[in-house]
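So you can see what is in the structure, the chains are spelled out below.
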Amino acid sequence: MLDTYLIVSDAPVKIIVGVSGGGDSNALISAMSRYQTKKIELYPVIICGLAEWDSGIPRAKQICDDLGLELTVIGEKETREILGAVPEGATLIDRFAKVFPDDDFEFFGTLLIRLALSRVAADREADYICTGLNFEDLLAEVFSKLLGGTAPLPMPVRLIGDLKLIYPLWQLPKKIIDGCFPKYSYDNYQERYPSYAEGRTLFYHLAYWITAEFPQVGEKLLQAASGIASQVDYKFPFDEEFGFETLGSISLPLREKFRKILTGNTSAHP
């Protein structure tokens, strides 16, 4: 699959890979390390600062050591700097919990991961960043976008600024991926941070339900969504204030909440 969207070049293609020590990223980095169609250089990266993420570092390091890859660990201090948040005061997860008490930190975490991968990509002069989103992850995202009245996002390649974000696992279901490293996958499930976000639960329930009850329908939906997205000239707007690309314009109330996370001033809501 990679050979369909990597740059054709005699020089090795550099890919920054987000890992977590969980089943998806373990399978991803393992499979990509065996890729032989084109020359690629892999740079695995993990960020810490959340108990669930920190617990995955030993697993991620073991996988990378076994593959002969050097794992870059980005601490919370560096993550704050990348985000543009003040370094003193409460942790990012504590700030998020005060400003968004009913939301899942994983939503915010995906932004932190993308920004961290983008920083390493700039340092390594890489054209690609990569994460282990699987079939159900992206199908749930499709349902989220459709029910929100917008077109699906591009997949398995997304141009965000000057970088291409790629999803090599986009057509692989979770049950197959977890079979690659079952012990590590089990440990990851046991250590997961509880999620109470109803919207996220709904979309994942739909994704798993439709694939269980109607074989091949989910795959057809995802492929159709990819085809629709390819016909849309989608550009992620760059937010001048926050310094990164977003899905769209940010409302004033949401912008004010995000400023509170950056400054650590979470004592009162707007």
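Attention in this report is confined to the structure presented alongside it. In this text, all values refer to a predicted model and were calculated from it rather than measured experimentally.

Quick notes on the rules
Residues numbered from 1 in each chain as written. Predicted model: local features only at pLDDT ≥ 70, side-chain atom pairs only at ≥ 80, totals over all residues. Heavy atoms only, no water. 1 Å grid on protein atoms, 1.4 Å probe; cavity = no way out; pocket = protein on both sides within 12 Å on 5 of 7 lines; lining within 4 Å. Points joined across faces, edges and corners; volume = space filled by probe spheres on them. Helix = DSSP H or I, 4+ residues; strand = E, 2+ residues; numbered from the N terminus. Nonpolar A, V, L, I, M, F, W, Y, C, P; charged D, E, K, R; others polar. Salt bridge = Lys/Arg side-chain N within 4 Å of Asp/Glu carboxyl O. Buried < 20%, exposed > 50% of the residue type's maximum accessible area, 1.4 Å probe, protein only. Pairing = 2+ DSSP bridges. Axes fitted to C-alpha atoms, helices over the stretch in contact; angles between N-to-C directions. Patch = residues over 30% accessible without salt bridge, like charges linked within 9 Å, V, L, I, M, F, W, Y side chains within 5 Å. Areas by Shrake-Rupley, 256 points an atom, 1.4 Å probe, with all protein chains shown as cover. Core = buried A, V, L, I, M, F, W, Y, C linked by side-chain atoms within 4.5 Å. Contact = heavy atoms within 4.5 Å.

Some points on empty space enclosed by the protein
Inspection of every chain in the model, using the stated rule, returns 2 cavities of 30 Å³ or more. Space inside the largest cavity adds up to approximately 60 Å³. For the lining of the largest cavity, the secondary structure elements donating two or more residues are helix 4 (76-83), helix 5 (92-99) and helix 6 (105-124). Residues that form the lining of the largest cavity fall into these classes: 7 nonpolar, 2 polar and 1 charged. Roughly 30 Å³ of volume is contained in the second largest cavity. Taken together, Phe135, Gln171, Glu219, Leu222 and Gln223 form the lining of the second largest cavity. Among the elements that make up the lining of the second largest cavity, the one with the highest residue count is helix 11 (residues 217-230) (3 residues). Among the residues forming the lining of the second largest cavity, the class breakdown is 2 nonpolar, 2 polar and 1 charged.

Describing the pattern of salt bridges
When the charged atoms of two side chains with opposite charge come close together, those side chains can pair. The full count for this structure, using the stated rule, is 12 salt bridges. Across the pair Arg158 and Glu141 runs a salt bridge, and its minimum N-O distance is 2.3 Å. Within this pair, whereas Arg158 is found in strand 5 (residues 157-160), its partner Glu141 is found in helix 7 (residues 135-147), the two being separated by 17 residues in sequence. According to the relative accessible area criterion, Glu141 is buried, its value standing at 18%. With its nearest N and O atoms 3.1 Å apart, the salt bridge here joins Lys235 to Asp233. Classification of Asp233 by relative accessible area gives exposed; the value is 65%. Shared partners join several salt bridges into a network, and the residues in it are Asp239, Glu241, Arg255, Glu256 and Arg259.

So, the pairing of strand 5
By the alternation rule, side chains of strand 5 split into Arg158 and Ile160, which are all buried, and Val157 and Leu159, of which none is buried. Note that strand 5 and strand 6 (residues 163-166) share 4 bridges and pair antiparallel. When the sheet's bridge partners are listed, Ile160 is paired in strand 6 with Leu163.

Here's the deal with the sheet that holds strand 1 (residues 13-18)
Here 6 strands make up an open sheet; going across it, the order is 3-2-1-4-6-5 and the pairing mixed. Here the strands that pair on one side only, and so sit at the sheet edges, are strand 3 (72-74) and strand 5. Averaged over all neighbouring strand pairs, the angle between strand axes comes to 30°, with direction disregarded.

Some words on a nonpolar patch on the surface
Together, Trp209, Phe214, Val217 and Leu221 make up an exposed nonpolar region whose accessible area comes to about 330 Å². Of note, Val217 is situated in helix 11.

Observations regarding the nonpolar core
Counting 51 residues, the largest nonpolar core has Ile16, Leu83, Phe105, Phe108, Leu112, Leu222 and Phe258 as the members making the most contacts within it. Take this core: its biggest share by element is 9 residues, from helix 6. Contacts of Phe108, omitting those with residues within four sequence positions, involve Leu83, Leu92, Phe96, Phe258 and Ile261. Listed in part, the 25 residues of the second largest apolar core include Val13, Leu28, Leu69 and Ile166.

Focus on the layout of surface pockets
Taken as a whole, the second largest pocket holds about 380 Å³ of empty space. Lining the second largest pocket are 21 residues, and of these Leu115, Ser118, Arg119, Leu163 and Glu245 sit closest to its centre. Contributing elements (two or more residues each) for the lining of the second largest pocket: helix 4, helix 6 and strand 8 (244-245). Of all the elements, helix 6 adds the most residues to the lining of the second largest pocket, at 6 residues.

Taken by themselves, the reported measurements are silent on function.
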